[in-house]
Amino acid sequence: MKNRVTLKGAFGVAAAAVTMAAASTALAETAPPIKDLIINGEEKMIVVAKPQPGVSNLDMEYDGWLFRSPETQALQMDDFENPGMIFVEQAEEMWNTAEGSEGKSCASCHGDPSSMKGVRATYPKMSKSLGKLATIEMEVNNCRTERMGAEPWKYTGGKMVAMNALITLQSRGMPVDVRVDDSVRANWEHGKEMYYTRTGQLELSCANCHEENYGERIRADMLSQGQINGFPAYRLKNGKLNGIHARFKGCVRDTRAETYKPGSQDFIDLELYVATRGNGLSVTGPSVRN
Amino acid sequence: MKRAMLSMAILVAGTVSATSGEIAPEDVVFKDGAVETPLTDKPGDPANGRKVVGTKKLGNCVACHQVSEMSDVPFHGEIGPSLDGVGDRYTEAELRAILVDAKKVFDGTIMPSFYKTGPYIRPGKGFTGKAPDGPLPPLLTAQQIEDVVAYLKTLKE
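These notes cover the structure that comes with them. Since this is a predicted model, take the numbers as computed values, not measurements. Residue indices follow the written sequence of each chain, beginning from 1 at its first position. All chains are assigned letters beginning with A, and all ligands numbers beginning with 1, in the order in which they are written. Only residues with pLDDT of at least 70 are given local features in this predicted model, and only at 80 or more are side-chain atom pairs given and counted; all residues enter the totals for whole chains, interfaces and linings. As a rule here, side-chain values cover all heavy atoms of the structure and leave hydrogens and water aside.

### Here we look at the overall build of chain B
Phase 1: By the criteria applied, helices consist of DSSP H or I runs no shorter than four residues and strands consist of E runs no shorter than two, each listed in order from the N terminus. Scanning chain B from N- to C-terminus turns up five helices and zero strands.
Phase 2: Reading the helices (α) and strands (β) of chain B from amino to carboxyl end gives α-α-α-α-α.
Phase 3: Looking at chain B residue by residue over its 157 residues, the buried ones come to 49%.
Phase 4: Approximately 7700 Å² of chain B is accessible, and the part contributed by carbon and sulfur atoms is 58%. Burial classes: relative accessible area under 20% of the type maximum marks a residue as buried, over 50% as exposed, and values in between as partly exposed (1.4 Å probe, protein chains only). To be clear on the numbers: accessible area is Shrake-Rupley with a 1.4 Å probe, and residue cover counts the displayed protein chains and nothing else.

Rendered as structure tokens:
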């Protein structure tokens, strides 16, 4: 960083002397210190992966865990320390509890939660039952309303996020493998456009922070690549598990923009796009963040 | 995208009237990366400028810039260059230009434009995430810009 500052400073002098137009827009991204993420002393996660061509301008993909402090990192290395696991346990109970007019639980149709292995790694994707691009949240609510005769859960509500964490855990360690075929290409393109659009009164895009400046501090926070392979994320800041769309909403709000709604088509498309930026990284949720 | 267009239209249509003696955002004249004419009649106050630079709800410049002189304010960002010595590197008119609309000085920069009123894509009402009630005032007032310029001029090597 020091070098770059001097470099930019020096550039400033030169530029100021001549004309300052079109000065540096040099990228300031900095790779995080690379460490192994091994959970419970045995499950090794892929925290560095090569991006697919044509998806992003990243040279390398990095798990958000790498950008956190050693103390926060440690919490995710042991399931007994990871506060997100409490919610997984609650979800296990919900998994087995019959609800709604059909008197069914998740277990009635799906058996053990381990039947969900691979789901997190491939979502969002074109859903057979919904006939459109779907997130895990949408599938869960579709089961609740159509198969259980139960009320849908709030998209970012505690129950939904906990259930998502239980489903996610079944894929932990598997590489994210979200595919874009013709049926969802337009969604992906829309998500990509959103990612690079500078919104709000601060006119910042996702890429401004998470592609051009990861590894740099914005005030006290070290910017990561904004990957979603670690979601749901337990945040020490708000003491709960957070879903992907809730995080997106917070980031958009911070650009002084009018946000999109969690569960909206906009955020579903953005989720699809951001997921593909992390293809190859392990599913690491539920993660721990500050 | 439709919605973004709409809000842009509103912003363009809406006029933001400046207090007399102030240059309105749309009337600021840029020449060779500099804005020669002060935005107000009142000279900038460096002490208030310092406050604007360090305060989250005001300029929040330290979110992206480190300033050694401001070590009393915790957590400086590192997205932009350090502002140390910036008073030597730029003239007052150049600093004013960077503050008013950095995008007119540094092509495509991430630095926000502090004295303009749009057009924006999906503008919001501060940090509420909600749509604004009407045209948005610039991020900083004309006087705050002058105050920050006066403060930056004190940052010498």
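### A closer look at the packing of aromatic side chains
Residues and elements named next belong to chain A.
Phase 1: Here a Phe, Tyr or Trp ring, Trp counted by its six-membered ring, pairs with any other such ring whose centre lies within 6.5 Å, and the pair is stacked when the planes are under 30 degrees apart, edge-to-face when over 60, and tilted otherwise. Applying the stated criterion across every chain yields a total of nine aromatic pairs over all chains.
Phase 2: Judged by centre distance (6.3 Å) and plane angle (35 degrees), the ring pair of F87 and Y234 falls under tilted. On the criterion of sequence distance, the pair formed by F87 in helix α3 (residues 84-95) and Y234 in strand β9 (residues 233-235) is long-range, its members being 147 residues apart.
Phase 3: Exposure remark for Y234: the relative accessible area of 13% places this residue in the buried category.

### Some words on the interface of chain A and chain B
Phase 1: Listed by partner, the interface residues are 37 residues for chain A and 47 residues for chain B.
Phase 2: Think of a salt bridge as a Lys or Arg side-chain nitrogen and an Asp or Glu carboxyl oxygen that are within 4 Å of each other. One salt bridge in this structure joins K103 of chain B and E203 of chain A, with 3.4 Å as the shortest N-O distance.
Phase 3: The term polar contact refers here to a pair of N or O atoms within 3.5 Å; inside protein, the definition further demands a hydrogen-donor-capable atom paired with an acceptor-capable atom, and it admits residues adjacent in sequence only when both atoms are side-chain atoms. Taken together, chain A and chain B are joined by 15 residue pairs in polar contact (both at pLDDT 80 or more).
Phase 4: Listed by contribution, the elements that provide at least two residues to the side of chain A that touches chain B are α1 (2-17) and β7 (217-218) of chain A. Contact criterion: two residues are considered in contact whenever any of their non-hydrogen atoms come within 4.5 Å of each other.

### Thoughts on the pattern of salt bridges
Opposite charge on two side chains makes pairing possible when the charged atoms of those side chains draw close.
Phase 1: Enumeration over the complete set of coordinates arrives at 20 salt bridges over all chains.
Phase 2: D63 of chain A is the partner of R289 of chain A in a salt bridge, and the nearest nitrogen-oxygen pair spans 3.5 Å. Remark: D63 of chain A occurs in the loop between β4 (61-62) and α2 (70-76) and R289 of chain A occurs in strand β11 (residues 287-289); sequence separation between them is 226 residues. You'll find R289 of chain A and D63 of chain A in the same group, each marked buried.
Phase 3: Here D88 of chain B and K156 of chain B are joined by a salt bridge, their closest N and O atoms 3.8 Å apart. Here K156 of chain B lies in the segment after α5 (142-153) and D88 of chain B lies in helix α3 (residues 86-89), a separation of 68 residues in the sequence.

### Topic: unusual backbone geometry
Phase 1: Cis geometry is found at the peptide bond from Y123 of chain A to P124 of chain A, where omega equals 0 degrees.
Phase 2: Locating P124 of chain A in the fold gives a position in the loop between α5 (119-122) and β5 (125-126).
Phase 3: Residue P119 of chain B is bonded to the preceding G118 of chain B through a cis peptide linkage, with omega at 0 degrees.
Phase 4: Along the chain, the position of P119 of chain B falls in the loop between α4 (92-101) and α5.
Phase 5: Even without being a glycine, N40 of chain A presents a positive backbone phi close to 55 degrees.
Phase 6: In this structure, N40 of chain A sits in the loop between β1 (38-39) and β2 (43-44).
Phase 7: With a phi close to 55 degrees, R122 of chain B is a non-glycine residue in the positive phi region.
Phase 8: Along the chain, R122 of chain B turns up in the loop between α4 and α5.

### Comments concerning the side chain of Q73 of chain A
Residues and elements named next belong to chain A.
Phase 1: Note on placement: Q73 falls in helix α2.
Phase 2: A polar contact is formed between the side chain of Q73 and the side chain of K35, at a distance of 2.6 Å.
Phase 3: A distance of 3.3 Å separates a polar side-chain atom of Q73 from the backbone oxygen of R68.
Phase 4: When near neighbours in sequence (up to four residues on either side) are disregarded, Q73 contacts K35, W65, L66 and R68.

### Quick word on the environment of Y234 of chain A
Phase 1: On a C-alpha basis, the gap between Y234 of chain A and E42 of chain A in space is 21 Å, while along the polypeptide they are 192 residues apart.
Phase 2: Look past the residues within four positions of Y234 of chain A in its chain and what remains in contact with it is P83, G84, F87, G239, K240, L241, N242, S287, V288 and R289 of chain A.

### Regarding α4 of chain B
Phase 1: Counting buried residues along α4 of chain B, nine of its 10 residues qualify, which places the element largely inside the surrounding structure.
Phase 2: Among all positions of α4 of chain B, only A93, E94, L95, R96, A97, I98, L99, V100 and D101 of chain B are buried.

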